[in-house]
Amino acid sequence: MLLTVVYTSFVDLAQEAKALGFVLSEFLSNHTTLAATLSSLAATYLFLFAVLHLTHNEKEPPLVATAVPFLSPVVGMVKWSMDFYTHMKTKHHDLPIYTLRLPGTRLYIVNSLNLILSVQRQWRTLIFPPVSARASEVAMGVSKDALAIIREDMIADTGFFHTFIKATHPSLSSGPALERLSGDAMAVLTASLDNIVDRGSKRARMFEWIHHEFLMATTDSVYGPHNPLRDPANEEGWHNYHPTIIFLMLDLLPHWAFHSAIKSRNQLAKAFQNYHINRRYTEGSDYIRRWTEHFVSWDISASDIGCFHNAAMFSLVANTIPTAFWMIYHVFSDPAVTEDCRKEVLKAVSIHEENSEEICTVRARTIKEHCPTLLSTFQEVFRFHGMANSVRIASEYHMLDGKYLIKKGNIVMMPARVQHHSKEVWGEDVEVFHARRFMRNPGEPRLHPGAFRGFGGGTTLCPGRHFATTEILLFTAMVLLRFDVLPVVGEGKWIMPATKTSSQAEAMEQPDCDIDIELRPRPGAERNWRVSLRKQEKRPLWLRICKEKEGDLLNIT
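Nothing here was measured: the structure is a model prediction, and the numbers come from that model.

Draft legend 1. View of the sheet that holds strand β3 (residues 126–127). Taken together, the five strands give an open sheet; going across it, the order is β1-β2-β10-β7-β3, and neighbouring strands pair in mixed fashion. Since the sheet does not close on itself, it has two edges, and those belong to β1 (97–102) and β3, each with one partner. Pairing of β1 with strand β2 (residues 105–110) involves six bridges; the strand directions are antiparallel. Across the sheet, leucine 100 pairs through a bridge with leucine 107, a residue of β2.

Draft legend 2. Focus on the sheet that holds strand β11 (residues 483–487). Across the sheet, three strands lie side by side as β4-β12-β11; this open sheet has antiparallel pairing. At either margin of the open sheet sits one strand with a lone partner, and together these are β4 (202–205) and β11. The mean angle between the axes of side-by-side strands here comes to 25 degrees, regardless of whether they run parallel or antiparallel. With five bridges joining them, β11 and strand β12 (residues 516–521) adopt antiparallel strand pairing. Residue pairing across strands places aspartate 484 opposite arginine 520, the latter belonging to β12. Taken strand by strand, helix α22 (residues 465–482) contacts β11 and β12, and its axis lies near 95 degrees from that of β11.

Draft legend 3. Main features of α22. With 18 residues, α22 should cover 26 Å at 1.5 Å per step; its first-to-last C-alpha distance of 26 Å lies within 8% of that length. With 16 of 18 residues buried, α22 is to be regarded as a mostly interior element.

Draft legend 4. Region of interest: the environment of aspartate 484. With respect to the helices and strands, aspartate 484 occurs in strand β11. Judged by its relative accessible area of 27%, aspartate 484 is partly exposed. The spatial distance from the C-alpha of aspartate 484 to the C-alpha of serine 502 is 28 Å, given a sequence separation of 18 residues. In terms of polar contacts, aspartate 484 uses its side chain to reach the side chain of arginine 342, at 3.1 Å. Polar contacts involving the side chain of aspartate 484 include one to the side chain of arginine 522, which spans 2.8 Å.

Draft legend 5. Spotlight on unusual backbone geometry. Even without being a glycine, arginine 279 presents a positive backbone phi close to 55 degrees. Position of arginine 279 relative to the elements: it lies in the loop between α13 (259–277) and α14 (286–297). Non-glycine residue serine 356 carries a positive phi angle of around 65 degrees. Tracing the backbone shows serine 356 in the loop between β5 (349–354) and β6 (357–363).

Draft legend 6. The packing of aromatic side chains, seen in detail. Across all of its chains, the model carries 24 aromatic pairs by this definition. Taking 5.1 Å as the distance between ring centres and 70 degrees as the angle between the ring planes, the aromatic pair formed by phenylalanine 84 and tyrosine 85 counts as edge-to-face. A ring pair is formed by phenylalanine 207 and phenylalanine 325, whose centres lie 5.4 Å apart and whose planes are at 75 degrees; its orientation type is edge-to-face. In this pair, phenylalanine 207 is assigned in helix α10 (residues 206–223) and phenylalanine 325 in helix α16 (residues 320–333), connecting sequence segments 118 residues apart. Under the relative-accessibility criterion, phenylalanine 207 is labelled buried at 18%. An aromatic cluster is defined as three or more aromatic residues linked by ring pairs; in this entry it consists of Phe160, Phe161, Phe164, Trp291, Phe295, Trp298 and Phe308.

Draft legend 7. Main features of a nonpolar patch on the surface. A contiguous nonpolar patch, built from Val68, Leu71, Val74 and Val78 and spanning about 330 Å² of accessible area, is present on the exposed surface. Residue leucine 71 is classed as partly exposed on the basis of its relative accessible area of 44%.

Draft legend 8. Inspection of the confidence of the model for the protein chain at higher detail. Per-residue pLDDT for the protein chain has a mean of 89; in total, 90% of the residues score no lower than 70. Between residues 1–14, whose pLDDT stays under 50, and residues either more than four places distant or in other chains, the model counts zero contacts. In the model, residues 536–557 has pLDDT below 50 throughout and makes 37 contacts with residues more than four positions away in sequence or in other chains.

Draft legend 9. Structural detail: helix α8 (residues 160–168). Taken together, the buried positions of α8 are Phe160, Phe161, His162, Phe164 and Thr168. Of the surrounding elements, those touching the buried residues of α8 are α6 (129–138), α7 (144–150) and α14.

Draft legend 10. Seen up close, the packing of helix α9 (residues 176–199) against α10. Axis separation between α9 and α10 bottoms out at 8 Å; the angle between their running directions is 140 degrees. In terms of axis orientation, α9 runs oblique to α10. For the crossing formed where α9 meets α10, the hand is right-handed. Contacts from Leu181, Asp184, Ala185, Val188, Leu189, Ser192, Leu193 and Ile196 in α9 reach Trp209, Glu213, Phe214, Met216, Ala217, Asp220, Ser221 and Val222 in α10. A per-class count over the contact of α9 with α10 returns eleven nonpolar, two polar and three charged.

Rules used throughout
Residues numbered from 1 in each chain as written. Predicted model: local features only at pLDDT ≥ 70, side-chain atom pairs only at ≥ 80, totals over all residues. Heavy atoms only, no water. Pairing = 2+ DSSP bridges. Helix = DSSP H or I, 4+ residues; strand = E, 2+ residues; numbered from the N terminus. Axes fitted to C-alpha atoms, helices over the stretch in contact; angles between N-to-C directions. Contact = heavy atoms within 4.5 Å. Expected span 1.5 Å × (residues − 1). Buried < 20%, exposed > 50% of the residue type's maximum accessible area, 1.4 Å probe, protein only. Polar contact = N/O pair within 3.5 Å; in protein donor to acceptor, adjacent residues only side chain to side chain. Phe/Tyr/Trp six-rings, centres within 6.5 Å; stacked < 30°, edge-to-face > 60°. Patch = residues over 30% accessible without salt bridge, like charges linked within 9 Å, V, L, I, M, F, W, Y side chains within 5 Å. Areas by Shrake-Rupley, 256 points an atom, 1.4 Å probe, with all protein chains shown as cover. Salt bridge = Lys/Arg side-chain N within 4 Å of Asp/Glu carboxyl O. pLDDT = per-residue confidence, 0-100. Parallel < 35°, antiparallel > 145°, perpendicular 65-115°, else oblique. Left-handed = near helix turned anticlockwise from the far one by under 90°. Nonpolar A, V, L, I, M, F, W, Y, C, P; charged D, E, K, R; others polar.

What follows is the structure in structure tokens.
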């Protein structure tokens, strides 16, 4: 009986299979296009899978994200955005370095702290200038003639890029040129704060306010009294052009898709071209004079110099502005941090009389060397909100650390976010903003030199870091000393904005939405405030505070 049932079941199953086969055959015969498409997709997948693995050298870093050959990394980047590389680090935490294959290129992503140092030591083999040249071409609109000049020799010390560093970087290092640059920027920012005090208070959208103030202060200090950004049309042009830079650099869409932005870019380039032709740079900073003289010495045309000024603008303000925003946010959103930072910056203030007027002087050196909570908050802003991807191009085939083959013409990337969000380095609270994280106790082990990459590292360490640091810290100190900063919505509570739409052309997150704030002057805000950038002082500044004024000064806190 059991055998009969089994036999009958098999007969029924065979008949059903035969019927299903007939139906499938009929379906495919009537849908030849679909069948052909499925066959083509299968053949294409197998072909790409074979190409992916057959062209990968076993000495290269391991391949990952290969489910859909050449496209899986792209899908991941779209899905995870700026968190893509931290996601990959979590998924492949055992790999010091790995390979992502994209259409037309390889990305070698470095996870290991020690390998970061190895990459930085190979600065003549794994080089940055090709990245700058490519950005100049697709995002800045530089001509083919100028590109040929800057690309002529990107490795030798006599090439355009290496001589540019030698010509301009001294004006951004410590010394009189940097002091003048920082002093001029702070004069603009201090005058703006004075205007708020004169009006009694100010309501503003915080990012918009900081963006304008730093854009004007930074460009005024660099370009001088004929700063092209003082023209409202050029400032508006910058706002229109700047958000599209990342898309222009990717060069995935035709330029007509960015018609308005490119029009603004060309408008800015023309304004800077006129600035150059009329020799307005001779009244600007030492940096912009050296910058211009270098381009002229390489026979770069006036129109191309105008285009290169757009690149200079980006490097001057693109990261400084969001960093200043986050600094103000984190200093004022935590009352304990606000109080501690105020007490610290107070030590940098002295009061004296000049022509029967009380002058409050803030000493920059004290701010940068003797305000531990303020400095730690500044560094934590870079750790928590930084998203720089340090990039190098292999100028030749290279065995990194004697283990990993890096093929010529491909990209080596060191995402700062991977290191800045590593639990192994920073502990279990890595995803929490901790203002005092960098206040190390005596005897505490030092961080690995590759763990914190706020301004990059190696030969591409940001040359403007001293200027940006001074500008942001002094501005924060001035606001602390002269104002209470309060949110005016959300029942007076600070709510940190999301950053999902941040442009990845920048090294710092930007807020998705703005914060409405009110700046209320504090006691003493109406005094004449100045900044001292002198390196030397005869005695510690707080010992030089006039005794009869000390009580008034303490009322500022």
